[in-house]
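The lines below spell out each chain.
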Amino acid sequence: MVTKQQLKGLPEDADLRRADSLAREIFSDIANKWAFLIIEALGEGTLRFTELRNEVEGVSHKMLTQNLRMLERNGLVERTVHPTVPPRVEYTLTPPGRALRAVVDGMCGWTHAHLGDIEASRDRFDG
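Residues numbered from 1 in each chain as written. Predicted model: local features only at pLDDT ≥ 70, side-chain atom pairs only at ≥ 80, totals over all residues. Heavy atoms only, no water.

Undergrad: How should the confidence of the model for the protein chain be read in this particular structure?
TA: Regions with low pLDDT carry predicted coordinates that are not meant to be interpreted in detail. Averaged over all residues, the pLDDT of the protein chain equals 90, while 92% of them reach at least 70. Considering each helix and strand of the protein chain separately, the mean pLDDT is smallest for helix α1 (residues 4-7), with a value of 53, and largest for strand β1 (residues 47-48), with 98. (pLDDT = per-residue confidence, 0-100. Helix = DSSP H or I, 4+ residues; strand = E, 2+ residues; numbered from the N terminus.)

Put into structure tokens, the structure is as follows:
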């Protein structure tokens, strides 16, 4: 967690602890399962909407659309429309999106490394 000392001199918008900060809004946007899975899928390269939907198992058309728009709004995904009939739309990670993918990869690695521990804990808890 970021300490008060580390935040000293930064704008209030950078403080995740403040309910009204831009940092918290961005964190809330990207810290959801669909955003993580979309970023992970796009880390392999540019994909069309249908290809992306096939990569992210279980996501609905609506949720994929909403998350892609949010990621594009936050500058993490670039949407390119090719003037064909019908239009061909492709999505790719921007440089900040690729940087975030490294964090997502870390989260995926952590999950794989500790999956057994978490399962064992759940078994004990659920008894």
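Undergrad: Looking at this structure, how should I read the packing of helix α3 (residues 33-42) against helix α6 (residues 95-126)?
TA: Between two packed helices, the angle of one axis relative to the other and the distance separating the axes together describe the packing. Here α3 crosses α6 at 110°, and the two axes come no closer than 9 Å. Relative to α6, the element α3 is oriented roughly perpendicular. Here α3 contributes F36, I39 and E40 to the contact with α6, which in turn contributes G97, L100, R101, V104, D105, M107 and C108. Here the contact of α3 with α6 is built from residues that sort into six nonpolar, one polar and three charged. (Axes fitted to C-alpha atoms, helices over the stretch in contact; angles between N-to-C directions. Parallel < 35°, antiparallel > 145°, perpendicular 65-115°, else oblique. Contact = heavy atoms within 4.5 Å. Nonpolar A, V, L, I, M, F, W, Y, C, P; charged D, E, K, R; others polar.)

Undergrad: Please explain the nonpolar core as it appears in this structure.
TA: A general trend in soluble globular proteins is that nonpolar side chains are found buried together. Ranked by size, the top nonpolar core spans 23 residues in total, and within it I38, L42, L52, L68 and L71 carry the most contacts. Among the elements that make up this core, the one with the highest residue count is α3 (six residues). If sequence neighbours within four positions are ignored, L42 has contacts with L47, L52, V77, Y91, T92 and L93. (Core = buried A, V, L, I, M, F, W, Y, C linked by side-chain atoms within 4.5 Å. Buried < 20%, exposed > 50% of the residue type's maximum accessible area, 1.4 Å probe, protein only.)

Undergrad: Help me understand α3 in this model?
TA: Turn by turn, an α-helix covers 3.6 residues, leaving residues three or four places apart pointing in a common direction. Every buried residue of α3 is listed here: W34, A35, I38, I39, A41 and L42. For α3, the buried positions fall inside an angular range of 165° around the axis, keeping them on one side. (Arc of directions from axis to C-beta.)

Undergrad: Sorry if this is basic, but what is going on with the side chain of R101 here?
TA: Of note, R101 is situated in helix α6. The class for R101 is buried, based on a relative accessible area of 15%. Reaching out from R101, the side chain makes a polar contact with the side chain of E44 at a distance of 2.8 Å. Each residue touching R101, except ones within four places of it in the same chain, is listed here: I39, E40, G43, E44 and L93. (Polar contact = N/O pair within 3.5 Å; in protein donor to acceptor, adjacent residues only side chain to side chain.)

Undergrad: It is not clear to me how the pairing of strand β3 (residues 88-93) should be interpreted in this structure. Could you clarify?
TA: Along any regular strand the residues' side chains alternate between the sheet's two faces. The two faces of β3 differ: V89, Y91 and L93 on one face are buried, but R88, E90 and T92 on the other face are not. Examined bridge by bridge, strand β2 (residues 77-82) and β3 share six bridges and lie antiparallel to one another. When the sheet's bridge partners are listed, E78 is paired in β3 with T92. Here β2 folds back onto β3, and the loop between the two strands holds five residues. (Pairing = 2+ DSSP bridges.)

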